[in-house]
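# Structural description and commentary
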Amino acid sequence: MTEADYSTSRPVMVTGATGFVAGWLVRRLLEEGITVHAPVRDPSDEKKTAHLRQLADELPGSIVFFKADLLDPGSYGEAMKECGVVFHTASPFTSDFEDPQRDLVDPAVKGTRNVLESANETGSVKRVVVTSSVAAIYGDNADLQNIPDGTLTETNWNETSSLDHQPYSYSKVQAEKTAWEIAGAQSAWKLVTVNPSLVIGPTLSGKSTSESHSLVKRLGDGTLKPGAPPLELGMVDVRDVAEAHMRAGFVEHADGRFITSAGTFSFLDLSKILRAHFGGEWPFPKRELPKWLLWLFGPLVDRSLSRKMISRNMGYPWKADNSKSREQLGLDYGPVSKAVTDMFEQMIETGAVKKP
């Protein structure tokens, strides 16, 4: 554990508090006795906030809900009052969209601008932590062929994604660039970004809504029984991502961007981990599909699998340097094997995945 003064003297604000990563971050804040301001679209919707209210009842800290909307300028002002640290985690992560500009880029960029401009008007704010992604660092696995040692670092930026190709990644690039632009134009608060790879693990709400949950679900529900795509990704336990946010918010010398990734795994690696833990009765894939077969038929089965995406990602190695997060934040990454088995265990318990 690195030296971090988790100051309880001021409240902190967490946008998207009901989300996957944010839930675990709120838990850590409450464990330290901190008061959390949680702006949500509808504070009266107790179904969405029940798990957070329960955490606050059980832990030393407290939580206060406020009404705010990501795309409503100025709506975070009330929730941000008196806060020392702002954690901006709210952003769309989905492959199910109709208009990439409207459904992905606008909410990501306008939401970031909205929150950070409110920080400019709130004198108590000294630090803003924005949840970015490794998607802002690279676009396709093929991009790694053109960088030193084929290894991503915080100095890299994704220059290959667009509205037409990898639009989710493009939205993360635009949102993070907006954040640095706003931060660079003032001196009252410091910006730190957390750039996680694919976030794996159980949710605190019990609901499996993130894109990573749908990927793991496909491994177990028979969708990928014929074979896993030959795709390598960085992966990380959601609890480590929450801890990275905590330390990004409170470690005094934390600075700049932080790649937050435990290691590299393929879909077949995950399948082997799940098979070893849950047994052979589940239809986890036992082999990888050939890239040429995916290229031919993938786009017909899944619209997010364009031929360009397949050709520039499948079969390429993936590697990132997480040393900055270890050294500056003192992060000690837990095993992804535990994260994915905990995740699948919860999906069985909640009925999110059933044996075919």
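Preceding this section is the structure that the text describes.
In this report, the structure presented in the accompanying data block is examined.

Rules used in this analysis
Residues numbered from 1 in each chain as written. Predicted model: local features only at pLDDT ≥ 70, side-chain atom pairs only at ≥ 80, totals over all residues. Heavy atoms only, no water. Core = buried A, V, L, I, M, F, W, Y, C linked by side-chain atoms within 4.5 Å. Buried < 20%, exposed > 50% of the residue type's maximum accessible area, 1.4 Å probe, protein only. Helix = DSSP H or I, 4+ residues; strand = E, 2+ residues; numbered from the N terminus. Contact = heavy atoms within 4.5 Å. Pairing = 2+ DSSP bridges. Axes fitted to C-alpha atoms, helices over the stretch in contact; angles between N-to-C directions. 1 Å grid on protein atoms, 1.4 Å probe; cavity = no way out; pocket = protein on both sides within 12 Å on 5 of 7 lines; lining within 4 Å. Points joined across faces, edges and corners; volume = space filled by probe spheres on them. Nonpolar A, V, L, I, M, F, W, Y, C, P; charged D, E, K, R; others polar. Right-handed = clockwise from strand over helix to strand, strands pointing away.

## Points about the nonpolar core
- Formed by 41 residues in total, the largest nonpolar core has its most connected members in V14, L29, F87 and F250.
- Secondary structure elements with two or more residues in this core: β1 (12-15), α1 (20-31), β2 (35-40), α2 (46-58), β3 (62-67), β4 (85-88), β6 (190-196) and α7 (238-250).
- At eight residues, the largest contribution of residues to this core is made by α1.
- Those residues in contact with L29 that sit more than four places away from it in its chain are V12, V14, I34, V36, F87, M246 and F250.
- Grouped together as the second largest cluster of nonpolar side chains are 39 residues, L198, L294, V336 and A339 included.

## Overview of the sheet that holds β1
- Pairing within the open sheet is parallel, and its seven strands lie in the order β3-β2-β1-β4-β5-β6-β9. Looking at strand neighbours, the two that pair on one side only are β3 and β9 (256-260), the edges of this open sheet. Strand-to-strand twist in this sheet, taken as the mean axis angle between neighbours without regard to direction, amounts to 20 degrees.
- Across the sheet, α1 is in contact with β1, β2, β3 and β4; its angle to β1 comes to roughly 165 degrees.

## Focus: unusual backbone geometry
- Here E82, not a glycine, exhibits a phi torsion of approximately 70 degrees, which is positive.
- Residue placement: E82 occurs in the loop between α3 (77-80) and β4.
- For Q166, which is not glycine, the phi torsion reads 55 degrees and is therefore positive.
- Take Q166: it is sitting in the loop between β5 (127-131) and α5 (167-184).

## Brief notes about the layout of surface pockets
- In this structure, the second largest pocket occupies an estimated 220 Å³ of space.
- As for the second largest pocket, its lining consists of S7, S9, R10, P11, V12, G84, V85, S124, K126, R127, G249 and F250.
- For the lining of the second largest pocket, the per-class residue count stands at four nonpolar, five polar and three charged.

## A few points about the pairing of strand β8 (residues 232-237)
- Among the six residues in β8, five count as buried, and that is most of the element.
- Pairing between strand β7 (residues 198-200) and β8: three bridges, direction parallel. Bridge pairing links I200 to D237 in β8.
- Handedness of the crossover joining β7 and β8 through helix α6 (residues 211-220): right-handed.
- Looking at chain direction, β8 and strand β10 (residues 263-266) are connected through four bridges and run antiparallel. Considered in β10, the bridge of G234 is made with T264.

## Here we look at the sheet that holds β7
- Across the sheet, three strands lie side by side as β7-β8-β10; this open sheet has mixed pairing. Strands at the two margins of the open sheet, each flanked by one partner only, are β7 and β10. Neighbour-to-neighbour, the strand axes of the sheet open up by a mean angle of 50 degrees, direction not taken into account.
- Sheet contacts for α7: β7 and β8; angle to β8, the most-contacted strand, approximately 70 degrees.
- Sitting on the sheet, helix α8 (residues 267-278) is in contact with β8 and β10, with an inclination near 85 degrees to β10.

## Examining the pairing of β4
- Side chains V85 and F87 project from β4 onto one buried face, and the interleaved V86 and H88 project onto a second face that is buried too.
- Relative to β5, β4 is paired through four bridges, and the arrangement is parallel. Bridging from a neighbouring strand, V85 pairs with R127 of β5.

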